[in-house]
Amino acid sequence: MANVANDVPSHAAQLPASVGGSDVSGIALRLIVGLASSRGGVVHAAPTGLEISVDRAAPLRAADNGFSDLRHQLVIADAATLTDAGVAASDRRRLVERLAEAGAVGLVVGVAVGPAPGAGLDADLRAAAHDHHLPLIELPEEHLPRFTTEVLEAILEHQTSMLRRLDDADRALVQIVLAGGSLDDLCERVGGFLDGAAMVTTTDGRIIAAAGSQHERDHATSLPCFDRSGRLLTESEPIGARLDGPTAGRVAVRIAAGQFDHGLLVAFCSHRCLTVDDVHLLERAATVAALAITKDQAVAAVESKYRAEFLRDALTGRAGSVADAVAHAQSLGWNIDRPMVVVVAETDEDDDRSSRDAEEVRFLQERFARAWTHAMAVRENRSPVMGFSREVVALVGVPAEADTDRIMRSVHDLVRVVRGDGGGGRRSFSAGVSRMITSPADLPQAYDEAQSAVTVGRQLHGHGALTHVDGLGVYRLLGLVPDGADLRRFVAETLGPLATDDLAENADLRRTLGLLLDTNLNVAETARRLFFHYNTLRYRIGKLEKLLGPFTTDPELRLALALALKVHRMRGL
């Protein structure tokens with residue numbers, strides 16, 4: 001469980017993402033070391049440096065004056081080549097340094113057979129290889145041609161096998177989509193290929209599909225990459241291969257189509273590290289997952305149109321009789337014949353003034369709506385929730401005996417799930433909550449209450465506000481004034497110089513005035529709350545009356561000042 005709501009789409013995402021320079025990996029250097037040892041070779045390398053992948057093997061050419069990209073490449077040289085290349089014994093340390101800088105995974109040198117293994121190789125070359133952590137293999141020169149052939153054959157055989165595996169996986173996964181299979185079916189097949197568990201998550205980490213043995217799934221969800229609500233912490237999860245370390249048993253790849261990021265495909269394995277080849281297979285599966293998600297979204301868009309039209313009619317009182325509305329909702333899988341509250345959620349960003357293009361805004365709003373849909377489905381899947389052009393509306397079922405505090409705790413938990421426990425990078429949003437209703441006939445009034453709560457609540461509390469309509473008080477009436485300029489003029493005319501913060505003491509004087517009005521001009525109580533001496537407060541009251549008029553004796557002025565202070569608190573006017 002967790003959230004999405006508010007991510008910014010990654011425009012760098014492509015389909016699929018690239019993890020490395022090769023389509024498939026090569027063989028581990030330790031296997032090459034085994035071939036060399038079988039032919040009398042001597043290896044100078046730490047055991048921990050032998051797991052690196054080798055996907056190319058090429059000779060050191062005499063014409064090479066420099067080295068470019070030698071990553072995952074094994075360099076092979078004989079004594080004659082070193083001589084022809086003009087590499088004097090004093091310069092061989094520089095040769096090793098250049099190979100290491102270019103990323104070579106190892107150096108194989110053919111040496112003349114002497115009285116002891118490696119007698120034909122100078123000590124400087126061995127020392128340089130040790131200093132630069134470059135694995136060095138000394139091989140009798142007479143075995144060098146056959147060894148080179150064996151290495152190339154081993155790499156080719158491995159890569160052919162992996163390409164065949166990827167091709168088989170491609171066909172099997174595509175067939176799932178063509179046969180109308182679900183994301184759960186795709187995860188089941190991926191988990192089988194990798195002998196582990198697989199999950200599809202939204203961009204913010206909410207699981208929407210999962211498969212694998214119960215043991216593997218339990219192992220996955222017990223990892224610290226999931227929060228207490230079951231959300232994958234996507235903001236801290238790296239994408240692509242992890243060759244070692246405590247996280248090498250899981251891999252995440254993006255599910256992307258063009259500029260749109262649909263989430264992550266994540267694989268877990270409790271008994272082995274996932275390799276670069278597993279990552280490539282997962283990328284192919286992510287491509288198929290993107291196709292499946294795009295297909296599902298196209299179907300959902302058609303269904304959503306009819307659902308949205310009905311919910312809009314119900315919220316505006318045009319859904320027919322109560323019996324008709326309840327029956328229609330049941331046909332859509334919704335239950336509206338029960339106690340419920342209306343929740344309206346709006347993103348705090350003003351899309352009309354946004355620098356985003358219209359397509360990106362639409363995509364973000366759809367993702368915001370999906371966040372609420374998934375969060376509501378986890379809570380209770382028969383509650384209507386629908387995204388409109390500028391808001392998401394949810395009809396949240398509540399117990400008939402629930403009071404306002406209990407309702408707000410329930411809605412707060414729902415909002416927390418949508419926000420994702422503080423996950424990074426999401427769009428901020430505010431939400432408003434209506435009073436509880438017991439009949440669909442009251443939906444229009446509840447919808448109006450929730451809209452007022454979200455609008456005025458944001459003005460009072462800023463972005464991210466969650467407000468119940470009963471918490472608005474007089475602010476609800478003030479929010480009905482259509483022109484904010486009228487309210488600003490009222491504040492300026494009523495509070496005079498205290499309407500601004502031109503002087504540092506103005507805010508303090510407004511606070512004093514507010515407490516005086518809240519305590520019904522009880523000077524002793526106000527002084528106690530402000531920690532002022534009684535005479536100090538008397539002096540301030542005199543100063544306030546010089547600025548504002550005789551509010552201590554004029555009840556109409558007190559009412560105007562109280563309203564002006566409340567309007568002054570409202571933001572975005």
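Before reading on, note that the structure itself is shown above.
Residues numbered from 1 in each chain as written. Predicted model: local features only at pLDDT ≥ 70, side-chain atom pairs only at ≥ 80, totals over all residues. Heavy atoms only, no water.

1. Things to note about the overall build of the chain
For clarity, the threshold we go by: Labels follow the DSSP assignment, with helices taken as runs of H or I lasting at least four residues and strands as runs of E lasting at least two, numbered in each case from the N terminus. To sort residues, take the accessible area from a 1.4 Å probe on protein chains only and compare it with the maximum for the residue type: under 20% means buried, over 50% means exposed, and anything in between is partly exposed. To measure how exposed things are, a 1.4 Å probe is used in the Shrake-Rupley method; for residues, cover is taken only from the protein chains shown.
A tally of regular secondary structure across the chain gives 18 helices and 16 strands. Burial analysis of the chain (573 residues in total) assigns 46% to the buried set. As displayed, the chain has an accessible area near 27100 Å², and 52% of this comes from carbon and sulfur atoms.

2. Quick word on helix α9 (residues 322-331)
Condition: It is the directions from the helix axis to the C-beta atoms that the arc portrays. The criterion used for residue contact is that any of the two residues' heavy atoms lie within 4.5 Å.
Regarding α9, the residues found buried are A325, V326 and A329. What you see down the axis of α9 is that its buried residues fit within an arc of 95°, all on one side. Pointing more than 90 degrees away from the buried face of α9 are the exposed residues A323 and S331. Tucked into the core, α9 has its buried residues touching α8 (276-315). A positive backbone phi angle near 85° is found at G333, which sits one or two residues after α9.

3. A look at the environment of V266
Tracing the sequence through the fold places V266 in strand β11 (residues 260-268). We classify V266 as buried; its relative accessible area is 1%. Once the C-alpha coordinates of V266 and G191 are considered, the two residues, 75 residues apart in sequence, prove to be 9.9 Å apart.

4. A look at the packing of aromatic side chains
How two aromatic rings sit relative to each other is set out by the distance from centre to centre and by the angle between their planes. Cut-off, in case you're wondering: Two rings from Phe, Tyr or Trp (for Trp, the six-membered ring) form a pair when their centres are within 6.5 Å of each other. A pair whose planes differ by under 30 degrees is stacked, one over 60 is edge-to-face, and the rest are tilted.
Within the structure shown, the criterion is met by four aromatic pairs. When the centroid spacing of 6.3 Å and the interplanar angle of 35° are considered together, the rings of F310 and W334 count as tilted. Of the two residues, F310 is situated in helix α8 and W334 in the loop between α9 and β12 (340-347); the sequence distance between them amounts to 24 residues. Seen from their ring centres, F368 and F429 are 5.2 Å apart, and the 55° between their planes marks the pair as tilted. In this pair, F368 is assigned in helix α10 (residues 358-379) and F429 in strand β15 (residues 429-433), connecting sequence segments 61 residues apart. Comparing F368 with F429 shows no difference in burial state: the two are buried.

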